[in-house]
Each structure stands twice: as structure tokens, then as C-alpha cells.
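Tertiary structure, described
Listed here are the chains, written in short residue letters.
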Amino acid sequence: GHGGDHTHEDNVHDAHQINEDEIQVEFCDNTVRSAKYTILTFWFLNLFEQFRRVANFYFLIVAVVQLCLPSPPVSPFTSVFPLVFVVVVTMIKQGYEDVCRHRSDREINTAPVNMLDRDLGDTTVKKSKDIKVGDIVLVKINETFPADLVVLCTAALSGKGYVMTANLDGETNLKPVFASKLTKHCKDAEDLCKLAAGQIECESPNPDLTKFTGKIRIGNSSAPLSLENLVMRGTKLRNTEYVYGCAVYTGRDTKMSRNSKITANKFSTVEKTMNKFLLFFMGLLVFEIVFSTTMKYLIGIDLETPENCNELKHWYLGSVLKIEALQITEDFFSYLVIYNYIIPISLYVTLEFQKFVGGKFLQWDKDLVDEETGEGGQINSSDLNEELGQIEVLFSDKTGTLTENIMVFKEASIRGRKYKYDELLPSGSSPAADHLDSSLSVNTDDSLFDPNGSYRDPMDENEIVEFLRALALCHTVQVGRTCDHMTGDSAAVSSSGAYTRLLPRHRLKSLLTPLRVAARTLNKDSNMKQESRGNSLQPSPTEEVGSSDENMGPPFGSGQGRDNLAFEGDQDSEIMYNAASPDEKALVEACLKFGVGFSGEQETAGGHFLHLTETRAGYTSKRVYEKLQVLEFDSTRKRMSVILKNLDTHEIVLYTKGAESSVIPRCSEGSFFETNSHIDEYALVGLRTLAVATRQLHEDEYQHMQHNLNTAAQAMEDREEKIRKVYDEIEKDMVLLGATAVEDKLQDGVRDTLVKMSEAGIAVWILTGDKRETAVNISYSCGHLQPHYTLLDLTDQTSMSLGQSMSLHEDKLTHAHADADFALLVDGTALTIIFSDKEYQKQFFEVSIKCKSVICCRMSPLQKAEVVSMIKNSDKKPVTAAIGDGGNDVAMIQEAHVGLGIMGKEGRAAVRAADFAFPKFKHLQKVVLVHGHWYYYRVALLVQYFFYKNVACFSCQLYYAFFNSFSTQTVFDSVSLTLYNICYTSLPIFLFSLMEQNLSKEKLLDYPGTYKRHFRNKLLRWREFFLWFSQALWHSLVFFFGWLFFWSDSSNKGGLNITSGLSLDQVSFGTAMYASIVTLVNLRLLFQSRSWNVYLVLSIIGSILFYILFTFAEHSVSIPASWASAFLGYNENEIGGASVPLDSATYWVYHHVLSSMSVWLFTLLLLVVAISPDIIIRILRKHWGVFLNRKNKKMRVETEDDDVFSMSYTNKAYLAHTDSFTNRAHRDSRTNSHSNKGRHGGGGSHSISYSNKVYSTEDSDRFGKKVGSNVFIDSDGYSREQNNITTKL
């Protein structure tokens, strides 16, 4: 229970808290809900949401009015049918999408879980949604925790287990959890059932991932609960056989759900702009209605006056009328019915279809398919397709998004000398495949080996061994078995830094030391019995490989490492390292390959013992150390230490590793200058560095430290500060051993992708939960942060110092040189302060937009969302996107305008929450630069075209009113009004909006700058809108008055509108005009399209032919007299024949129109006159752009105003300082890994050192041409290349 008493029905756990006012007595279930509707609510809620749209509600009103009018000017069918069609199609689309969400929810809610049944005394399998607060749940290795659980017991007697929290904080490192001391002795369900009824008190549900307080009571005993006793929903159990836990938070109360920010429905920029256009047309509609109604009563009809009681000027309109409110109202709504067609109701349904089908193109894109998994692109919300083409700021997670979180040891600096990976291998070994790529290596001429590789300096070898021992012992790594990770699903066996990559057995034999071969031989030949996990293990420091002890189980030299208590050997098991930090795991793995292997930790009643197996000398030797104390890493000290006692020499030694800034100043001996120089060189190429030091301790020094540490640990005030002082006293006067350089492998294509995002004008922010050093190193590694940037640091701030720091940074930015580049680093603590103060938010925003790179570290999921919200709602209101792969990214994904999910190896929370998902970060190039550009261009023209074609056609209704005395007479028949948007003009624009490619895929990828041509919704600006509007008015004027001129000749005998001796009347006038307009608006797309295809051409021809054939048939239809009497209300006595026309007004009209050659010729003339200005405008815009480009050859693709958020790092400083990164970025697009066989020695065209600034002619020329070649795109989408090499390397 949370904050109150609660007794679960099985009486296993109650929950209460003393404060009666805050008692929680009702708890939510464990059901996950992401769907919007149920079967019952769908019909009402969906209709309500649809009619919240301005256009739908407007057409609903028009339909109701038309049905209520006693004599409507056109049939109500013209309004009712399109409205019903639009609503039904939209319901089908949204219903399908919600069904998909229900399927996803059902998969989670029905997942099987093992729950303790007190009556049976064992566990039973139930559904995840059935978990209630107080239930005890069994979670096995590699399974995901279905709710927030308090750990009761684990497979280890110590009650310790390991979990991976990738879905919460993005880290794939293993984190320890501990069972309560009151229950950790339990081994199975039977022991748990024997426990007395218990209670758990804990805080109310909250989103804080870093805090948990509570208390557990069993009988008369109680124990505190803290964060280390809680496992959260979404985490996975690793390296632990099983865990029993009591559910304390379920469903929406879990910390993951609390961090999933609930946001309103997202609307694209295009849809918002479209609503503004609709409001404009509604205003225009109201004006036309009021104007026509007024004109009717001023000049249109005969009004009743004393003077004209019996005089009728317009006798054909009937008797004189009285001005009455009812009559005026009826006339007002009659004009509403006539003019309402200027607003295109089919725009919405066409847009819905276009987005739905267009989204399938992304899903079908083979370029987005991951070869390993076979997964491709996925769209969860097709309503935001076009928003992909408007992104200005991209917020990216780090772990699993930019990186694979796989650390690889690259180099080391030992006692002032640099050693590459292969130089540290034992004699006779060969480098592993992961280290064949030496492009990140820094060249050195002081190799340890002679040219033939046969000589090794004994003094240097001693220093190397001492350095490797420090790395192999100074850590918190645990040893496990491969079989522990083979029991889960395939996704559990990962190379993501949490544990060692599993390789085929033959590769393991060849890559690792001979230690494993000996271990497997020993296990095969020995028939030794394994003791239970509770047996005491007494190692012998001097035992040899092959010796054994009956009480020990497998010898530690066998490579069969142990967990906290014991490790049961397996003949086919391989050693596995599990660490809370991927750096530690990479270093320990490297030491194993270098011949100094960590064999495991042994926990006994007498203490903890660490075992090393050394094989560098050509034979196997073993060392055992007693672990006396671990000084844990913290962000203030930025280092960790371990104090050990060598059981062979009984010496006490301290090993320390950490950030060079916190280790080297505390050393009194060592190669300081050389080591610092090497560390700087490593950092320049983006490698993660750690300094390593040691110190010999006397027994009395250690005892004194232990006494001070115990005293500090018992302090009630400032406990952490006092403990830190004790650590500082012992971590001094050390000897500097050297430094390590580790590479955090980036995902394939990350560098190239970030370069192109920058060139496209998209600012990239890195938001991560990792510590400061990790975030900065990765930012350097992927090129987001450049060495020449000045880093503005806002970490470790207080509320008092933050304002002053931001003011100093703001002043520095204001007075900086124009060429100076800055980057901003901020942590979660500072952001908490910033979000609480509006002035701080404004100040932070002003600082951040002036920086080229922004890194936010140590952030909670909600803080990520708050950062996105702050930028999204700033004065500039840029379009934002957020990309991530874990549950910790869900909040920011939902907050951003566009949510992007990476299909990572750990969970699908981000994929489900995202609007778009794809397998790899590199696919962002195609999704944004290509699909995004196309989506926006197509949708923007679709919107403009729909308004254009309706204005071009239905403006003629207003013109016609001037010639019919404003008598509410329509110029077009009812069928034409109904089918204009639905049938005659819908298919070509639909296919255009699906297939149009104003620029090719290759052009968009090669020249990313073209992306920002459409920033700020450029194609839907009011200037573009009125250009389309004016063209539509011109077309309507040409056709109306052109055909009016044609008809005005009817007074002359033998005039133009005579056919077969019959004059063409008013209906023929409307029919001829309508046919011309239908032809023109369809042909208009051919002039607009930049990529003609057979489907577009056939659809245009087919639409025109369909109109001709359908109209010809409809004007020819007659029905039997009996049908007309039964269905159309005809009087049989008045029917003069066996059949009557379906519509007497249009019967046989089109036949006469088509039979007139003059009509055909005049139609062709009007088409040429109408389309000519469109062609002239396009030519002028095209050549005006050429003129401007010639006037200013250095003209950029976009203006500075559009770059207000462009934190681009592709500039002259970038080119001058990041040559190695540049070449790797382009090489990434051609390779699938960091290895580059054969290139390092081939002239050195790609491996370029920062220190000497030597550039490769081959790669520099290639990159210079790519960067320097500008592409100028006209506002109509016309593409043109202009070689303007402005950058020379």
C-alpha cells in the first residue's frame, strides 16, 4: 500500500502508513492502456472528435440547413452524401489504427507471469494484468519485471541480484538490487508461504526514479526499504537465476507509467495552417452570402410598394414580395447552400487517405529494413507524415540511439609510453577482429617491440603487468556463465555492454587465452562433485592449474568465475563478465586477453577474495587478493578505489581509477607530462579515458582509515561529506601507473547522419541519463561536440550559483568573436532549478540557442520532456522531434511534435509511443531528408490545390448571381455539384500527393541543405496561398466571362452557340463552363508535377474521360413512367409517354454541347488563355532565381532567418579540426563497422592525426566537392546545381 493501510486478499502482504489522512485503500490494476476507444465508446467519441474539426462541423450545419429549407436551390444529397462519405472513411481509418493499439496492449497485458498462490504453496501462471498490489511475483532470468516490486529474496543467499534498466534510464549496464534482510533467507515459494503476515509501508506513487523509501514488517520485526530494494517495471533480470518480489506499484502507478507524460493529440503544422485557410474561406463565404442577400433586396426583385402594387418589372419571378424576416432568413441560407461548395469537404478525406497510404510507402521502403532482424519502418500516427519535413530541432537519446554501448579497448599509456592493443597482447597472440581497425589509434614510434616482434623489455613488461593487475582488480565486475543468458529470449543475448558478446565456440577458443582450454580439459577429466551454494570456499593462493580441492569445486584458475557467493561450474560454460559500467567490463575483458585474467570473486564467512590468473609469461600463475574495502565512484570524486590484501605477500595495496582531473593531481610520482599529453590525444579522437594509480598502505594506515570510515558512516548529519573526506585522506600520494583509452562504439552511420542533419539546418541536442563524462565523450566521438568548441558548463550548480553562471555565459556569448563556437553542458540538477523559475527558463533558452551543441546529462525522463516542451513553446516555436529507443525516452517522444523510435534490443516502449519507428539511427537520413521532404511537399500542394480548384469552379456561382438578379439560381446542376470533388478531380491529386518527387532521393541525400528550403511551412505561407488563390480567380474569370462572351453572340443569326439549328440555353452554358473547368484543373497538375509518371498521366486522362462519359450517360437517362410516379412524385395523368427524363433540365443537353464544333474550339482557346499566366509565372520565378544566384554566387540554400535554430557544426572550424572525423563519417556510409582493413597502410589517406594537421588529398577533395557544391532550389521545387567550391582543405 502507498501511504496507508491495505490488506491483500491472500494476507501475504499488507501496506499501511501511520498518517491516516493519506491512507490509500484502493489500488489500480496492472493493465496497460494506450488505445483511445472501446467498442462502445468508439461511435460516440470518434464522431465527437470528427465534428470538432471546423470543416466537418461546418458541413454538418450546411446539411441540416439544406434539409430544413422548404425549397432548397439544389438537392440536399449534394451536401449529405459527401459529409457521410468523409466521416465514414475517417472512422474506418482511425478505427483500424486503434485496433492496432489494442493488439499491442493485449500482448503486454496477457503476458504470462508467475505469481505465488498461498493456498497451493507454489507459483501459478497468470496474466500480467491480473497482478494486484500485495501479490508476490516470481521473475526468472532475462524476464522483464511486470510491475514495481520490492525484492523479497533472490537465488543468492546474500539476497543480491542484477537488473538492467535500459527502459528506464537508457543504460544497459547491470545494476545490483538487494532483498530485504527480513526475507532474503527464503529460497523458494514454500519458504515465502511460511512467513508470518507482513506489511509494507511505502511512499505514494511518484515519478522519481532516484528515490524510494519504505518499511517492511514481518511479525514483530521491521526493516527499512530503499531504492536498492525496488525493481521497477520495464527492467530486466540479468545474471540472477530468479527473484521473488512483492508488487507495490501497478499499472499507471508504476514509476515508468508516471514518467510517461500524457499529452494531447498532436496536430501537424499543415493541419493548423489548413484550419486558418478554412477560416479565411468561411469569412469569404459569409461576405458572399451577405452581399448576395443584400443585393437581392436592393436590385434583384420587385418589392411591394404603394406605387407598384400591380406593376411587375420582373414578371417571370412571380408576384412582388414583402420584406419579412422569415423570407430574408430563407434567402440567406439558400445562398449558404449555393456558395458553400467553395470550401472543399473532400479535402479532409483525401488528406486522410493520402497520409494513410503515403505512410505505407515508408513501411515498404527496403532501405529502412535491418538486415539482421528483418524489421523495417513503422508508422503509428500517419497524421504527422508531413511534419517530418519541418523538423528544426532534434532531441536525441544517447545509449542505444547514438551508440551501441559496446566498449572496445583501443590503447593505453603506461608509465609515459603509448601501447596499442596488439602491442599489449602476450607473445604469439593475434589481435581480435574488433581491434583490426586502427583508425582511432594515435601513431607512435616508440614501440615496445623490435621490428620482428620478438623482443620485449623486461622492465617495461613489469610495468605492463602491474598496470594490467590494477585494471583487473579495481572494479566491481562479477563473473557469470554464458548459460545464464541462454535461457531467455533471443533479445536477451546481446552485445550491448551489459555482458560479454557470445561468440561461436571455435572463435572463443582462438580469441581468448589458453586458460579456457585448460579449464575445459580439467572439467572434462575431473569427476569432482559440486557443493551447494552455501558451502564455504577456501582458496589456496599458490595452487596450480589442474589442482583441485574437494571443498572448492572448480579451481578459480579454470576461468569458471563465481558470483557473489558461489559459481557452479559447467563443462560447456564460458566465462562472462557482468558490470555496472561498460567501461569496466571492457577493461577487464581486455586484461583477460592480455594475459591477466580476473577469474571471479569468492564470498566466504572470512571475507571476499578476488582471483587473478596470469598467463603472459608463457605459463599459468594464480594470485588471490582479499578485498578489504571498495571506495565507490561518485560524481563529486569522479573516481573509484579498491583496497586489497595480497595473500601471498600480505601487502595492502590501493588501486584507483577515474577521471584524469581527479586522479593525477592526487599523485606524487609518475610520468605526469607524458600521460597528460597522451590523454589529450586520445580525447581528440573521441576515446574515453581513465587514469590509473596505486599506493602501498601500511596496516596502521588502513586501520586508521577503517576507524574513521566507521565513525563517518554513523554520523547523523553530513554523512556523505564526512565519508568523502575519509576517502580523500587515503586517496593521496599515489603513484601514477598510466591511462586507458576505450572506444564506445557508435551505431553504424551515426557520424554521417549527424553531419547531414546539421547541413539540413536541424539542431541536435543530446539528452541522456548518463553521467557527465560519458555524455561528453560520446558527443566528441560522434562529432556532435568538436574539440575547438568552448564548453559552457552548467553542471553541479545550486540555486544560488546557477543564475550567476548563466549570466557569465550569456556575457561570454555576447562579447565573443563572430568565429567563436560554443557548446552547452547542463545536468538534471540544474534543469530542476531552471524549470522552477520563468526567468531562468528564458535565460537558459537565450544561452542554448547561441550554442552549436547542447548536451543534457543526468536527466530523468520527465526532465527530457520538460526540455523539449520548453524549446517547443519558446518564442520561435520551432518544430521539434525526439528520438530514443527505451522506456526512459517515452516522455520526450510524446512531448515533441514528432516522436521517433529506434527498434532497440531492449523493449519496445519507445517504438509503441513514437509516431514513426525504424531499426537504426542511420535510417533517420532517409526518413527525414527524403520521406520528410516528399511528404511535406506533396501535402502542401495537395492543400493548396484543393482550395484552388474549388475557387476556380464555384466562384462562377457568384459571378452568375449578377446576371440572374440574385435569384438564388445555380449555374451548375446538382449532380455536377456533388461529384466535382468526389469523382471528377480527386484521383489525379491523390496520386500526385502519393508519387510526386520534386527532387530525387539521391539529390536529397547528397545535398541535405535542400531540406531547409521548406522550413517554417514555406509552401503554405500566405504569400503562396494568395498566389494560388489569384490563379484560381483568373481561371474562373476566364471561363465564366469567356463562355458569357460565347453565349452573347446568340442574338446574331448563325452565331457561335448554334448547333443542329437549336440554340444552346442556360443549362448548356453551365455545362460547357463546367466541362472546361474540370479539364483545366486536372491538366494543371501536369504543369505542377516535376516527375511525370504513367499513373498520374492516366489518372488525369481518365478523370476527364470519366466526366465526359458519365455526363453523357446521365443526360441520356430516362426512366419508366411508373417509376417516376412511384419514386419521383410525378402525376401519371401529366406524363405524356411511356418514360420520362431522370432530370428534365439536363436531358440531352450534353449531346448538343458536344455536337458543336465551335464549343470544342472555344474550349481549347480558353484553356490556353487560362493556363498561360501559370506558365509565365513559373518561368519568371525560375529565371529570377538564376539571376539572384549569379548576383551572389555564395548564396546559401536558406536565409539566416531560417537558420535561427541551426546549430550546425559543418563550418570552416569543423573542416580544419575534424579531418579524421570527416573521413570516418564518409567511410561510415560505405561500411557496416568501424573496421577498415587494408586502408591504414595504404598511403595513409584516411588515418590523419590531429596533432600534425596533415590532410589526405584523396578524401579532402572528395569532401570538399560535397560540401562546396551548392544546390539552388526554386520555390516551385526546380533543382539546379551550381559548383561553387568555397572550402579548400
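About the criteria used
Residues numbered from 1 in each chain as written. Predicted model: local features only at pLDDT ≥ 70, side-chain atom pairs only at ≥ 80, totals over all residues. Heavy atoms only, no water. Helix = DSSP H or I, 4+ residues; strand = E, 2+ residues; numbered from the N terminus. Contact = heavy atoms within 4.5 Å. Areas by Shrake-Rupley, 256 points an atom, 1.4 Å probe, with all protein chains shown as cover. Axes fitted to C-alpha atoms, helices over the stretch in contact; angles between N-to-C directions. Parallel < 35°, antiparallel > 145°, perpendicular 65-115°, else oblique. Nonpolar A, V, L, I, M, F, W, Y, C, P; charged D, E, K, R; others polar. Core = buried A, V, L, I, M, F, W, Y, C linked by side-chain atoms within 4.5 Å. Buried < 20%, exposed > 50% of the residue type's maximum accessible area, 1.4 Å probe, protein only. Pairing = 2+ DSSP bridges. Expected span 1.5 Å × (residues − 1). Disulfide = S-S within 2.5 Å. Phe/Tyr/Trp six-rings, centres within 6.5 Å; stacked < 30°, edge-to-face > 60°. Patch = residues over 30% accessible without salt bridge, like charges linked within 9 Å, V, L, I, M, F, W, Y side chains within 5 Å. Salt bridge = Lys/Arg side-chain N within 4 Å of Asp/Glu carboxyl O. Polar contact = N/O pair within 3.5 Å; in protein donor to acceptor, adjacent residues only side chain to side chain. pLDDT = per-residue confidence, 0-100. Left-handed = near helix turned anticlockwise from the far one by under 90°.

**Some details on the overall build of the protein**
Across its full length, the protein holds 39 helices and 41 strands. Sequence-distant contacts, at least 24 apart, represent 74% of the contacts inside the protein between residues at least 6 apart. As presented, the protein carries roughly 53,800 Å² of accessible surface, and 55% of it is formed by carbon and sulfur atoms.

**Digging into the packing of helix α29 (residues 986-995) against helix α33 (residues 1094-1114)**
Where α29 contacts α33, the axes come no closer than 8 Å and their chain directions differ by 170°. In this view, α29 runs roughly antiparallel relative to α33, as classed from their interaxial angle. Two secondary-structure elements touch here, α29 through Leu987, Pro988, Leu991, Phe992 and Met995 and α33 through Tyr1095, Leu1096, Ser1099, Ile1100 and Ser1103. Residues belonging to the contact of α29 with α33 are distributed by class as follows: eight nonpolar, two polar and no charged.

**Observations concerning the nonpolar core**
Membership of the largest hydrophobic core comes to 99 residues, with the highest contact counts inside it found for Ile343, Val943, Phe972, Phe1039, Trp1043 and Met1073. Element by element, the count of residues in this core is highest for helix α27 (residues 924-961), at 20 residues. Setting aside residues no more than four positions away along its own chain, Met1073 makes contact with Cys956, Val971, Phe972, Phe1039, Phe1040 and Trp1043. Within the second largest apolar cluster, 43 residues are counted, among which are Leu425, Ala472, Leu610 and Leu644.

**Digging into the sheet that holds strand β13 (residues 236-238)**
Consider a sheet: its strands pair through backbone hydrogen bonds, and that pairing is either parallel or antiparallel. Taken in spatial order, the three strands make up an open sheet running β8-β7-β13, and their pairing is antiparallel. Strands with a single pairing partner mark the edges of an open sheet, and in this sheet they are β8 (174-178) and β13. When strand polarity is set aside, the average angle formed by the axes of neighbouring strands in this sheet is 45°. With three bridges joining them, strand β7 (residues 160-164) and β13 adopt antiparallel strand pairing. Across the sheet, the residue bridging to Tyr162 is Arg238, located in β13.

**Quick word on the side chain of Arg724**
Looking at where Arg724 falls in the secondary structure, it is placed in helix α18 (residues 719-730). Among the residues examined, Arg724 registers a relative accessible area of 17% and is labelled buried. Discounting chain neighbours no more than four positions away, the residues touching Arg724 are Asp634, Thr636 and Arg637.

**Things to note about the side chain of Thr740**
The residue Thr740 is located in strand β28 (residues 734-746) in this model. On the basis of relative accessibility, which here comes to 0%, the residue Thr740 falls in the buried class.

**Observations regarding the sheet that holds strand β14 (residues 242-249)**
Reading across the sheet, the six strands line up as β4-β3-β5-β14-β6-β12 and stay open at both edges, with antiparallel pairing between neighbours. One side of each edge strand has no neighbouring strand; the edge strands of this open sheet are β4 (122-127) and β12 (230-231). Inspection of the sheet shows strand β5 (residues 136-140) paired to β14 by five bridges, in the antiparallel sense. Residue pairing across strands places Val137 opposite Gly245, the latter belonging to β14.

**Considerations on helix α8 (residues 325-339)**
With 15 residues, α8 should cover 21 Å at 1.5 Å per step; its first-to-last C-alpha distance of 21 Å lies within 8% of that length. Taken together, the buried positions of α8 are occupied by Asp331, Ser334, Tyr335, Leu336, Val337, Ile338 and Tyr339.

**Considerations on the state of the cysteines**
Scanning the entire structure with this criterion turns up zero disulfides. Of all cysteine sulfurs in the structure, the one in Cys202 sits closest to Cys246, which takes part in no disulfide; the separation is 8.9 Å. Residue classification places Cys246 among the buried positions, given a relative accessible area of 2%.

**A few points about the packing of aromatic side chains**
Tallied over the full model, the rule gives 59 aromatic pairs. Seen in terms of ring centroids, Phe962 and Phe966 are 5.2 Å apart; in terms of plane orientation they differ by 65°. Their pairing is edge-to-face. The partly exposed category is assigned to Phe962, whose relative accessible area is 45%. Measuring from centroid to centroid gives 5.8 Å for Phe1040 and Phe1069, while their planes differ by 75°, and the two rings are edge-to-face.

**Digging into a nonpolar patch on the surface**
A cluster of nonpolar side chains, contributed by Phe962, Phe963, Leu1037 and Phe1041, occupies part of the molecular surface with about 390 Å² of accessible area. With respect to the element layout, Phe962 can be found in the loop between α27 and α28 (974-984).

**Remarks on helix α23 (residues 838-848)**
Taken as a whole, α23 has its buried residues at Tyr840, Gln841, Gln843, Phe844, Phe845, Val847 and Ser848. Where α23 begins, the side chain of Asp837 points an oxygen toward the backbone nitrogen of Glu839, at a separation of 2.7 Å.

**Looking at unusual backbone geometry**
In this structure, Ser965 takes a positive phi of about 55° despite not being glycine. One can find Ser965 in the loop between α27 and α28.

**Some details on the pattern of salt bridges**
Side chains carrying opposite charge are able to pair once their charged atoms draw close together. All told, the structure shown has 29 salt bridges when counted by the stated rule. Notably, a salt bridge pairs Lys926 with Asp367, separated by 2.8 Å at the nearest N-O pair. Of this pair, Lys926 sits in helix α27 while Asp367 sits in the loop between α9 (346-364) and β15 (378-379); the two residues are 559 residues apart in sequence, bridging distant segments of the chain. Look at Asp367 and you get partly exposed, because its relative accessible area is 40%. Between Asp367 and Lys1001 there is a salt bridge, with the nearest N and O atoms lying 3.3 Å from each other. Of this pair, Asp367 sits in the loop between α9 and β15 while Lys1001 sits in helix α30 (residues 1001-1006), and the two are 634 residues apart along the sequence. Residue classification places Lys1001 among the partly exposed residues on the basis of a relative accessible area of 27%. Via salt bridges that share partners, Asp365, Asp367, Lys926 and Lys1001 belong to a single interconnected network.

**Digging into the confidence of the model for the protein**
One rule of thumb: low pLDDT means the predicted coordinates there are not for detailed reading. For the protein, per-residue confidence averages 75 on the pLDDT scale, and residues scoring 70 or more make up 73% of the total. Scored below 50 in pLDDT, residues 3-21 shows 64 contacts in the model against residues more than four places distant or in partner chains. Counting interchain partners and residues more than four positions distant, the pLDDT-below-50 stretch residues 481-573 has 201 contacts.

**Quick look at the pairing of strand β33 (residues 880-884)**
Where burial is concerned, most of β33 is hidden: five out of the five residues are buried. What you see with β33 is no split at all: Thr880, Ala882 and Gly884 on one side and Ala881 and Ile883 on the other are buried throughout. Across four bridges, the pairing between β33 and strand β34 (residues 898-902) is parallel. In the sheet register, Ile883 faces β34, and the bridge partner there is Leu900.

**Things to note about the environment of Ala712**
Relative to the elements of secondary structure, Ala712 occurs in helix α17 (residues 699-713). Measuring from C-alpha to C-alpha, the distance between Ala712 and Val726 comes to 7.9 Å, with 14 residues separating the pair along the chain. Sequence-distant contacts of Ala712, that is, excluding residues within four places in its chain, are made with Arg719, Lys722, Ile723 and Val726.

**With respect to the environment of Phe822**
Structurally, the position occupied by Phe822 is in strand β31 (residues 822-827). Filtering out sequence-adjacent residues up to four positions away, Phe822 remains in contact with Tyr789, Thr790, Leu792, Lys812, Leu813, Ala816, Cys851, Lys852 and Ser853.

**Some words on the packing of α9 against α27**
In the contact formed by α9 and α27, the axes pass within 11 Å of each other and the chain directions differ by 165°. Regarding the angle of α9 to α27, the classification is roughly antiparallel. In terms of crossing hand, the pair formed by α9 and α27 is right-handed. Contacts between α9 and α27 involve Ser346, Leu347, Thr350, Leu351, Gln354, Gly358, Gly359, Phe361 and Leu362 on the former and, on the latter, Val927, His931, Tyr935, Arg938, Val939, Leu942, Val943, Phe946 and Phe947. Among the residues making up the contact of α9 with α27, the classes are represented as eleven nonpolar, six polar and one charged.

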